[in-house]
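# Understanding the architecture of this molecule
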Amino acid sequence: MRNMQIEPILHKDTTDWQAQFLASSKDRALYELDDSKFRFSRIAVRVLGVPVEEDDYFNALFDMAKNDSVHVLSEELDKYIDPKDFQAVQAILKAHQETPKGLSINRLVAMMYGHQLIPQHPNAFINKHLQLTMIKIIELFKEQQAAGLLSNEFRRFLIDMIKWLKNHWAKWSQTLDIGDEFPKVVWYGESTISQRYFLLLLMELGCDVLVFSPTGTDEFSAIDPEEQLSVVYRYATTTTLQPFPDKLRERQATVGYRSSKHFDKLMHDQQSGVYKPWQFKEHLPRSITLRTTYDDIFIYGNEKAMVRPEFKVVGEQIYIPVIFAKIAGISADREEYWENMHKLIQGSNSQFVKTFPYMKTSKANFQFHYNHCLENNELSPSKMMTSDWWQYGQLQESIQKAIAHTIKDCCENPSLLPLAHEKEIDLQLFMFKAATMIPIELLRLLQNFDYAQEIPRLVLYHSQMDGELSREDAALLVFLNRFGVDIILYNPTGKLDMELYMEKDIFDVHLLEHMVFDQPYQEPKAKPNSIIKKFIHKFL
C-alpha cells in the first residue's frame, strides 16, 4: 500500500445513539476497507439534559465506566508533561511569537513532530492521519478565537494538546491498526476550552465520543455550531451537575411516579408556555435586550418575561427579554411623564435610585482574588463561590451560581469603555470588583426573580442635582442588564452619563421634546381618597 486514506464519517442519526456507540464500527451502516481507504461511521453525540427516569441515565453511565472498551473522562485528563517536552514546546512558542505573523500551522505541526511532541505511531498511515487531524483542529482554533494563534489562549491550548495526546491517545492507540476499532470515549460534566478542542480532535481522529451534560448546557455550541463534528441529542428535562455515579441506583420509579413525571413534562415542557412557579430556578439567566420605542417601555414593562418577544429556554439557559433604556429630556405632557415614571417605580419588584453615585467604591486590590478564580485562563464560577471574599454565600446555591456565571460573562465581555492606556485585564478587574459588591436591596430583587415571571426593574432619576453617575454605577448596570433586569434611566437634562462609560449599542436612548435643568424629582400626588382618609384619621 503506497497510500491509505483514513476517513471517519459522522453518523448523524441519533435515534439509537447509545446502542450505536457501544456497537462495533464493523456493524454500523458504513464500514469500507480496501488497499487505498478505510472509511467508517463514527459516533459523536452531545447528550443534553436527562430523561424523565433519571436513574436509568446514571445507571447507564455507571455501566459504561465498567466497560473495558470505554474510556470515561470527567474533568480528569492527565496534566503531566515531561520537562524535556515542556522546554521543546516553549522553544516552538517563542519562535512562533517572534515571527511577525506567527509560524504557519503546517510549520508548527512539523516542528512539534520533529521534537516528538506528537505521539509517533508504529503504523505510518495512522501517524500521518494524526498529523493531518492536528492541523485541522489548530485551523479551527485559529478561525474561532479572536486573536487566533497569537492569543494567550493558544499557548495553553497547544501545551494541553501535547499533554493529552501523549497521556491518553498514545496509550489508547498503542496497538491500533488499520481496520481496528478506534477508542470509545465518554466525557461527563463541564469542560474548559482546551478540553473541548481535545474532544473535537478525538472525534476527527475517528474515536466514538459521547459528551454528557445533565444540566442541558451545550458548551460545544460555540465551536461546533453547525453540528459538523458532533450532533446533539436533547432530553426534555435537566438536573443539576452531580458527581459521576460510583454505584448503581436501586430505586425504581412507581407507576404513579412515572405518570406524574410524564404529565408534568407535557404540561410544563420548556416550550409549552405554561410554567410552574420557580420551574427554571436551576437555569442560568441570559438577557436579550429589546430594541424599544419610548411607548414600548410602558407596554412591555408590565409584561412577564414569558410573554415578551424572544423569550426562550435552551438547555440549561433561559433567555430573558429585557429593557435597557435612557429617557433624555422631559415630554411636553409633564403630567403623563411623571405618571409613567411613577408606574414604573411602583411594585415590590422595582428599585428606585435618585442619588448618585449609587455604588460604593473600594480601594482594595482584587488582582489576587481574580487570579485565584482562574482555571485554564478562564474565570471559574465554582472557584468564585468557594472564595473567602464571596459575599453571596447565604443566598440559595442556584442564585449564587447565576451571579457567578454572570460575573464571568461580564468580565469576558465587559461592554465598558476602557480608560486611556487601560489594559484589557484592568478593565476586567474593574468589572470583577464592581460585580462582587452588589447592594443588598438589589440582591433581594434578584432573589425574588422567578425567571419566566415578573422581571425586576431598576429605575434611575439622574437630574445631576443629586450627584453624578459613576463608572462603578455603569458597571453595575451592565451586570444587571446581563442578569435579566429591566433598567430605565431618566435624565431630564439630556446630558451624557451612561454614554461616558459604556458602549452605546447596548442600550436605547429616547429623546423627548424638552431638555430641562434643575428639575428635582416629583413625588406622586396623593389621591383625593387618600387625603380624605388622612383628614378623618387626624380628627378621630
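Cut-offs and rules
- Residues numbered from 1 in each chain as written.
- Predicted model: local features only at pLDDT ≥ 70, side-chain atom pairs only at ≥ 80, totals over all residues.
- Heavy atoms only, no water.
- Axes fitted to C-alpha atoms, helices over the stretch in contact; angles between N-to-C directions.
- Helix = DSSP H or I, 4+ residues; strand = E, 2+ residues; numbered from the N terminus.
- Left-handed = near helix turned anticlockwise from the far one by under 90°.
- Contact = heavy atoms within 4.5 Å.
- Nonpolar A, V, L, I, M, F, W, Y, C, P; charged D, E, K, R; others polar.
- Parallel < 35°, antiparallel > 145°, perpendicular 65-115°, else oblique.
- Domains from an automatic or database assignment.
- Buried area = accessible area lost by both parts, 1.4 Å probe.
- Salt bridge = Lys/Arg side-chain N within 4 Å of Asp/Glu carboxyl O.
- Polar contact = N/O pair within 3.5 Å; in protein donor to acceptor, adjacent residues only side chain to side chain.

In this section: the packing of helix α3 (residues 83–98) against helix α6 (residues 152–172). Across the interface, α3 lies against α6 with an axial gap of 11 Å and an inter-helix angle of 145°. Where α3 crosses over α6, the handedness of that crossing is right-handed. Listed contacts from α6 to Asp85, Phe86, Val89, Gln90, Leu93 and His96 of α3 are Phe154, Arg155, Leu158, Ile159, Ile162 and Lys166. Of the residues that constitute the contact of α3 with α6, the class distribution is seven nonpolar, two polar and three charged.

Turning our attention to the packing of helix α13 (residues 397–412) against helix α16 (residues 471–483). Taken N-terminus to C-terminus, the directions of α13 and α16 make an angle of 120°; their axes are 10 Å apart at the nearest point. Regarding the angle of α13 to α16, the classification is oblique. Once α13 is placed against α16, the crossing between them reads as right-handed. From α13, Ile399, Ala402, Ile403, Thr406, Ile407, Asp409 and Cys410 reach across to α16, where they touch Val478, Phe479, Arg482 and Phe483. Looking at side-chain class alone, the contact of α13 with α16 contains eight nonpolar, one polar and two charged residues.

According to the domain assignment, the protein consists of domain 1 (5–234) and domain 2 (284–511). Look at where the C-alpha atoms of domain 1 and domain 2 centre, and you get two points 39 Å apart. Contacts between the two partners involve eight residues from domain 1 and, on the opposite side, seven residues from domain 2. The contact between domain 1 and domain 2 buries some 770 Å² in all, and 43% of this surface belongs to carbon and sulfur atoms. Connecting domain 1 to domain 2 are zero salt bridges. Inspection of the region where domain 1 meets domain 2 yields three residue pairs in polar contact (both at pLDDT 80 or more). A per-class count over the side of domain 1 that touches domain 2 returns one nonpolar, five polar and two charged.

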